[in-house]
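Breakdown of the fold
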Amino acid sequence: MKMEYTIQLTLRQEWNDDRLAFDDRGVHEYLTAPDPEKIWTPDLFFQNEREGHAHSLMAPNVLLRLYRNGDIMKSSRITLTLACPMDFHFFPMDRQVCEIRLASYGFTKDDLDLQWSTLGSSVQVAAGLNLPRFILNEVKTDTCTSTTSTGVYACLKVSLFLERRWAYFLVHTYIPSIMMLFISWISFWISPESTAPRIVLCMAPLFGLASIGTNVNDQVPQVSYTKASDVWFGFCNILLFSALVVAAIVNYRKRMDKLKETQQKDRMEYGRDFNLEAQHRLMGPSKSAPSGEEEEAVSKPKPKGRPCCFGRLCLPFDRVEKIDYLARFLFPVIFLIFNIIYWPCYLSKYD
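A brief look at the structure comes next.

Reading the values: rules and limits
Residues numbered from 1 in each chain as written. Predicted model: local features only at pLDDT ≥ 70, side-chain atom pairs only at ≥ 80, totals over all residues. Heavy atoms only, no water. Pairing = 2+ DSSP bridges. Helix = DSSP H or I, 4+ residues; strand = E, 2+ residues; numbered from the N terminus. Axes fitted to C-alpha atoms, helices over the stretch in contact; angles between N-to-C directions. Disulfide = S-S within 2.5 Å. Buried < 20%, exposed > 50% of the residue type's maximum accessible area, 1.4 Å probe, protein only. Core = buried A, V, L, I, M, F, W, Y, C linked by side-chain atoms within 4.5 Å. Contact = heavy atoms within 4.5 Å.

Observations concerning the sheet that holds strand β7 (residues 95–104)
- Read across the open sheet, the four strands follow the order β3-β7-β11-β8; overall the sheet is antiparallel. The sheet is open, and its two borders are formed by β3 (44–46) and β8 (134–143), each paired with just one other strand. Pairs of neighbouring strands in the sheet enclose a mean axial angle of 20 degrees, with direction left out of account.
- Here β8 pairs with strand β11 (residues 155–164) via nine bridges, running antiparallel. In the sheet register, Thr-143 faces β11, and the bridge partner there is Leu-156.

Written as structure tokens, this is what we have:
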């Protein structure tokens, strides 16, 4: 995308040329020139124009009237593509100011001066104008005299104050990204032994968020600074990646605990067999073997895992499950704090 906009407008110019004054004893208020190209007109051009054309589908959309006192009014319908430098620091809650700059190309200000009309509104906006992405809040007129090496040239400027409609991004960007974060947090409530579902619940939102971010960035030009949307997606990506890391850590710790339990059980089995054999040798065949209760006491493993305690308060799960327990509350709290900072910061600039 480019920092430009397209506008269709009707340009009306009025000036006085006493050479064209006439006296028909009040028969006509004005005359319409059949061939406007044969009459001198100001050499105006749009300073920020990139493309443009005059409309002439059925006939040239140009009207030129000659009044008795030499006043001339020229009206023409044109379509322009104009450059508009934009600031996307607060996108999609941004506001833009686009300009229309009209100046004389060859006549200096001493020969040709440009002024806004004092009769009524200088700029008239079409009734019922509805822009799909922006709201036109205000239109201001001003002068923009330009000075070059060849002289000082008169210039007129129209400033269009635009406010982006960001409700679309709220529905299609912010709410879906929040839902994806909630989906990834479901993995904290799943058993640590269910590795595949936990990984899927973290990976799928990560890919979905990347797709939404790409779609949003395609709607604005590439800029070298950080936008409000970049801050949002960057933080959401950090939370999603952190959820994936938590799932990997829990899975690794659970595997290590199982491995330790297996090794401990094998050592206990080996020690029990060794003790029984040693007792059999020392006691002889006449001595009775250990009873079932004694054998059960020897072979009984230690309780599985260790309880997670905070002082005198002990939670009903081991230390591996404590990671999930903390993540269930830590991630939402961090995201809530981020929203408390994010929205007032950017909406205050928007308002």
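Having put the structure on the table, let's press on.
Quick word on the state of the cysteines
- Across all of its chains, the model carries two disulfides by this definition.
- The side chain of Cys-84 participates in a disulfide bridge whose partner is Cys-98; the two sulfur atoms lie 2.0 Å from each other. Disulfide Cys-84-Cys-98: the torsion about the S-S bond is -85 degrees, which places it as left-handed. Linking Cys-84 in the loop between β6 (71–83) and β7 with Cys-98 in strand β7, this pair joins segments that are 14 residues apart in sequence.
- Residue Cys-84 is classed as buried on the basis of its relative accessible area of 1%.
- In this model Cys-144 forms its disulfide with Cys-155; the gap between the sulfur atoms is 2.0 Å.

Side note on the nonpolar core
- Within the largest apolar cluster, 51 residues are counted, with the highest numbers of intra-cluster contacts made by Phe-46, Met-93, Trp-232, Phe-331, Phe-335 and Tyr-342.
- Of all elements in the fold, only β1 (4–16), β6, β7, β11, α1 (167–185), α2 (195–217), α3 (228–283) and α5 (319–350) reach the threshold of two or more residues within this core.
- The dominant element in this core, judged by the number of residues it contributes, is α3, at 11 residues.
- With six residues, the next largest nonpolar core counts Ile-39, Leu-64, Leu-66 and Ile-72 among its residues.

Focus: the side chain of Ser-187
- Tracing the backbone through its elements, the reader meets Ser-187 in the loop between α1 and α2.
- Sequence-distant contacts of Ser-187, defined by excluding residues within four places in its chain, comprise Arg-198, Leu-201 and Cys-202.

Considerations on the environment of Pro-85
- Looking at where Pro-85 falls in the secondary structure, it is placed in the loop between β6 and β7.
- Separated by 81 residues in sequence, Pro-85 and Glu-4 have C-alpha atoms that sit 7.5 Å apart.
- Each residue touching Pro-85, except ones within four places of it in the same chain, is listed here: Met-3 and Val-97.

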